[in-house]
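Understanding the architecture of this molecule
If you want the building blocks of each chain, they are given just below.
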Amino acid sequence: MKKRTFIKIAGVAGAGLLIAPFAGCGSNDSKAPDKGASVKGMKPRPFLFEQEPLGYDFSALAPAIDAMTMELHFGKHHAGYVNKLNKAIGEAGGAYDGMELSAMLQSLTPDQTTLRNNGGGHYNHTLYWRTLTPGGANAPQGILKEELIDTFGSVEAFQEQFMKAGATRFGSGWAWLIRNASGTLEVTSTPNQDNPLMSGIVDRPGIPLLGMDVWEHAYYLNYQNRRKDYIAAFMELVNWDVVEVNSSV
Ligand code: MN3
């Protein structure tokens, strides 16, 4: 993002609404993410305390993810997290003014339930939308591909481990590909809206590169109890160019 654009957004957002430059990706301005265009060479974008445009239509991921699920997931579930997050920040007496979202998540303790659930909910979904692509999955390439092979043995072995993490997460939660404190790629899973950045809360902290929502609200309308079918469909929608940008932090 250009500096003047960042400052402009900061001014509009006001104290307390601005978030951190952190893993993400996309266009080099404040507009919606690229619609399937290559993001190579792009810098990570900030996560604002507001929903950024989806960047594609609700129906764009169908039939893998149906339009009604997208509309409810983005417009109701994710929006709800953002509203509650902003309300909680407003009630925090300025404690989070000017703090980046990633820094806020890193600072949380287990008892900060509202910020934990809704800060995590906002971050997790922003990452999720950015990483899905209507064009369908490309393959991991370059350094990221090499890292996946070095770490997991093969890209397929990574995918198997990631899918299993999602399938075996009891109840609601997320499966993650993270870069851990040692700088190594790792597959993890968290309950509810916990995020790997919450180093004071999660067992295996790190920077999230790819997150898969396995809450029933992400798939139930189309797949009912068939979580594994949704997971397989999700894997076909991952934009690995975006994951690669996330992995460069
Ligand atoms: Mn969700």
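Anyway, here's the lowdown on the structure attached to this text. Residue positions are counted from 1 within each chain, in the order its sequence is given. Restriction of local features to residues with pLDDT of at least 70 applies here, the model being predicted, together with a cutoff of 80 or more for giving and counting side-chain atom pairs; totals for whole chains, interfaces and linings are based on all residues. Each side-chain value is derived from all of the structure's non-hydrogen atoms; neither hydrogens nor water enter the calculation.

Description of helix α2 (residues 67-90)
In a regular helix each residue adds 1.5 Å, so 24 residues correspond to 34 Å; α2 covers 33 Å between its end C-alpha atoms and thus fits that length. Throughout, bend refers to the angle between the axes fitted to the seven residues that end at a position and the seven residues that start at it. Helix and strand definitions here come from DSSP, where helices need a minimum of 4 consecutive H or I residues and strands a minimum of 2 consecutive E residues; each element is numbered from the N-terminal end. Within α2, the axis deviates most sharply at histidine 73, by approximately 30°. Type-normalised accessible area, obtained with a 1.4 Å probe on protein chains alone, sets the label of each residue: buried when under 20%, exposed when over 50%, and partly exposed for intermediate values. For α2, the set of buried residues is Thr69, Met70, His73, Phe74, His78, Ala79, Tyr81, Val82, Leu85, Ala88 and Ile89. Here a polar contact is recorded for every N or O atom pair within 3.5 Å, except that within protein the pair must consist of a potential hydrogen donor and a potential acceptor, and residues adjacent in sequence are included only if both atoms are side-chain atoms. The residue sitting at the N-terminus of α2 and contributing the capping side-chain oxygen is aspartate 66; that oxygen lies 3.3 Å from the backbone nitrogen of methionine 68. Expected helix span is computed as 1.5 Å times (number of residues minus one).

Topic: the coordination of the manganese ion
Metal coordination here is assigned from N, O and S atoms located within 2.8 Å of the ion, or within 3.2 Å for Na, K and Ca; omission of water means that sites may look incomplete. All of the protein donors around the manganese ion are His73 (NE2), His125 (NE2), Asp213 (OD) and His217 (NE2); their distances to the metal are 1.9 to 2.2 Å. Within one chain, the residues donating to the manganese ion are spaced in sequence as H-x51-H-x87-D-x3-H. Placement of histidine 125 in helix α4 (residues 113-131) and of aspartate 213 in strand β3 (residues 206-213) is noted, with a sequence separation of 88 residues between them. There is no split in this pair, since histidine 125 and aspartate 213 are both buried.

Here's the deal with the sheet that holds strand β1 (residues 173-180)
Here, strands pair whenever DSSP counts at least two bridges between them. Pairing in this open sheet of three strands is antiparallel, and the strands run β2-β1-β3 from one edge to the other. With one partner strand each, in any of the chains shown, β2 (185-191) and β3 form the two edges of the open sheet. Taken over all neighbouring pairs, the strand axes of this sheet differ in orientation by 30° on average, direction set aside. In terms of strand pairing, β1 meets β2 through seven bridges, oriented antiparallel. Bridging from a neighbouring strand, tryptophan 176 pairs with threonine 188 of β2. Fitted lines through C-alpha atoms give the axes, limited to the stretch in contact for helices. The angle between two N-to-C directions lies from 0 to 180 degrees.

Regarding the packing of aromatic side chains
Within 6.5 Å between ring centres, the rings of Phe, Tyr and Trp (the latter by its six-membered ring) count as paired, and their orientation is classed by plane angle as stacked under 30 degrees, edge-to-face over 60, tilted in between. Taken as a whole and judged by the stated rule, the model has 13 aromatic pairs. With 6.2 Å between their ring centres and 55° between their planes, phenylalanine 58 and phenylalanine 74 make a pair best called tilted. Separated by 16 residues along the polypeptide, phenylalanine 58 in the loop between α1 (3-13) and α2 and phenylalanine 74 in helix α2 bring together distant segments of the chain. The class of phenylalanine 74 is buried, set by a relative accessible area of 13%. Measuring from ring centre to ring centre gives 5.8 Å for tyrosine 128 and phenylalanine 234, while their planes differ by 20°; the resulting arrangement is stacked.

Quick word on helix α5 (residues 142-152)
Residues spaced three or four apart along an α-helix face the same direction, because each turn holds 3.6 residues. Within the sequence span of α5, burial applies to Leu144, Glu147, Leu148 and Phe152. One side of α5 carries all its buried residues, which in axial view fall inside an arc of 100°. Among the exposed residues of α5, those oriented more than 90 degrees off its buried face are Ile143, Glu146 and Asp150. Residue contacts are counted whenever heavy atoms from the two residues lie within 4.5 Å of one another. Among the structural elements, α6 (155-168), β1, β2 and α9 (240-247) are those in contact with the buried residues of α5. Taken from the helix axis, the directions to the C-beta atoms give the arc we talk about.

Details of the pattern of salt bridges
One speaks of a salt bridge when a side-chain nitrogen belonging to Lys or Arg is within 4 Å of a carboxyl oxygen belonging to Asp or Glu. Per the counting criterion, the structure on display carries six salt bridges. A salt bridge links glutamate 147 to arginine 179, with the nearest nitrogen and oxygen atoms 2.8 Å apart. Remark: arginine 179 occurs in strand β1 and glutamate 147 occurs in helix α5; sequence separation between them is 32 residues. Arginine 179 matches glutamate 147 in its accessibility class, with the two residues each being buried. Between arginine 204 and glutamate 186 there is a salt bridge, and its shortest N-O distance comes to 2.7 Å. Separated by 18 residues along the polypeptide, arginine 204 in the loop between β2 and β3 and glutamate 186 in strand β2 bring together distant segments of the chain.

Side note on the nonpolar core
We define a nonpolar core as any set of buried Ala, Val, Leu, Ile, Met, Phe, Trp, Tyr and Cys residues linked to one another through side-chain atoms lying within 4.5 Å. Phe162, Leu177, Tyr230 and Phe234 are the most contacted members of the largest nonpolar core, which has 58 residues in total. Counting residues per element, this core draws most heavily on α2, which supplies six residues. Residues within four places of tyrosine 230 in sequence aside, it is in contact with Ile65, Tyr128, Met212, Asp213, Val214, Ala218, Tyr219 and Tyr223.

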